[in-house]
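One-letter residues, chain by chain:
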Amino acid sequence: FRPVIHPLTMVLFLNFSYILATIKIIIKDGKTTPKVAQNAPKTNVKGPEIKFDKKEHQIGELKIGEVREFSYTYTNVGTEPLILYNVVSNCDCTEIEWSKAPVMRGKKGVIKVKYTAEHPGSIDKFITVNSNAITYRVILWNKGKVLGNN
């Protein structure tokens, strides 16, 4: 008799294993408090790795037609040169500039963003950064509000 493991069972097991690996349990005063290890620095990364100073930018309130410029700064925390292959937005209202040159170990790079308010309502736009890093895809969020022409 040979047991058969359903593929969904394997996916659930791997997800559970990942959750256990990323949660640290601290027992203090008889209480168990889960502490998720967020943004923990990676050590001994073999290859390029990207780490952003922030992954969300609050644009604030804008009027239709108003333009806001800001940037996202990142660092290559890996051991090999980091290359951004493609940086794209989910909206034509966002222009993006980035260097195609490799970013060496420990050095910083900048993604420049220019947002033009086109329609009233909340701003909830994202930028997808694709690179040769171990974390090869990163999503950056631009949030804010466009006011009407009152």
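Right, let's walk through the structure included here. Please read these numbers as outputs of a predicted model, since none were measured by experiment.

1. Structural notes on the state of the cysteines
Enumeration over the complete set of coordinates arrives at 1 disulfide. C91 shares a disulfide with C93; S-S distance 2.1 Å. Measuring the twist about the S-S bond at about 135°, one finds the C91-C93 disulfide to be right-handed. An identical accessibility class is assigned to C91 and C93; each is buried.

2. Let's talk about the environment of E80
Here E80 is to be found in the loop between β5 (67-76) and β6 (84-89). If near-sequence neighbours (up to four positions away) are discounted, E80 is found in contact with G47, P48 and V103.

3. Side note on the sheet that holds strand β8 (residues 108-116)
Spatially, 4 strands are ordered β3-β5-β8-β7 in an open sheet, and the strand pairing comes out antiparallel. A strand with exactly one partner marks an edge of an open sheet, and here the two such strands are β3 (50-52) and β7 (94-98). Neighbour-to-neighbour, the strand axes of this sheet turn through a mean angle of 25°, independent of strand direction. With 5 bridges joining them, β7 and β8 adopt antiparallel strand pairing. Within the sheet, the bridge partner assigned to T94 lies in β8 and is Y115.

4. Here's the deal with the packing of aromatic side chains
Scanning the model with the defined rule gives 3 aromatic pairs in all. When the ring of F70 is compared with that of Y72, the centres are 6.0 Å apart and the planes differ by 75°; the resulting orientation is edge-to-face. Of the residues examined, F70 reaches a relative accessible area of 10% and is grouped as buried. Positioned over the ring face of W98 is K100, at 3.8 Å from the centre of the ring. A cation sits over an aromatic face here: K143 above W141, 5.1 Å from the ring centre.

5. Quick look at the sheet that holds strand β9 (residues 121-131)
Pairing is mixed in the open sheet, where 4 strands are placed in the order β4-β10-β9-β6. Edge positions in the sheet fall to β4 (56-63) and β6, since each has one partner strand and no second. Looking at each pair of strands side by side, their axes are set apart by 20° on average, direction ignored. Across 7 bridges, the pairing between β4 and strand β10 (residues 137-147) is parallel. The partner of Q58 across the bridge, within β10, is K143.

Scoring rules and cut-offs
Residues numbered from 1 in each chain as written. Predicted model: local features only at pLDDT ≥ 70, side-chain atom pairs only at ≥ 80, totals over all residues. Heavy atoms only, no water. Disulfide = S-S within 2.5 Å. Buried < 20%, exposed > 50% of the residue type's maximum accessible area, 1.4 Å probe, protein only. Helix = DSSP H or I, 4+ residues; strand = E, 2+ residues; numbered from the N terminus. Contact = heavy atoms within 4.5 Å. Pairing = 2+ DSSP bridges. Axes fitted to C-alpha atoms, helices over the stretch in contact; angles between N-to-C directions. Phe/Tyr/Trp six-rings, centres within 6.5 Å; stacked < 30°, edge-to-face > 60°. Lys NZ or Arg CZ within 6 Å of the ring centre and 35° of its normal.

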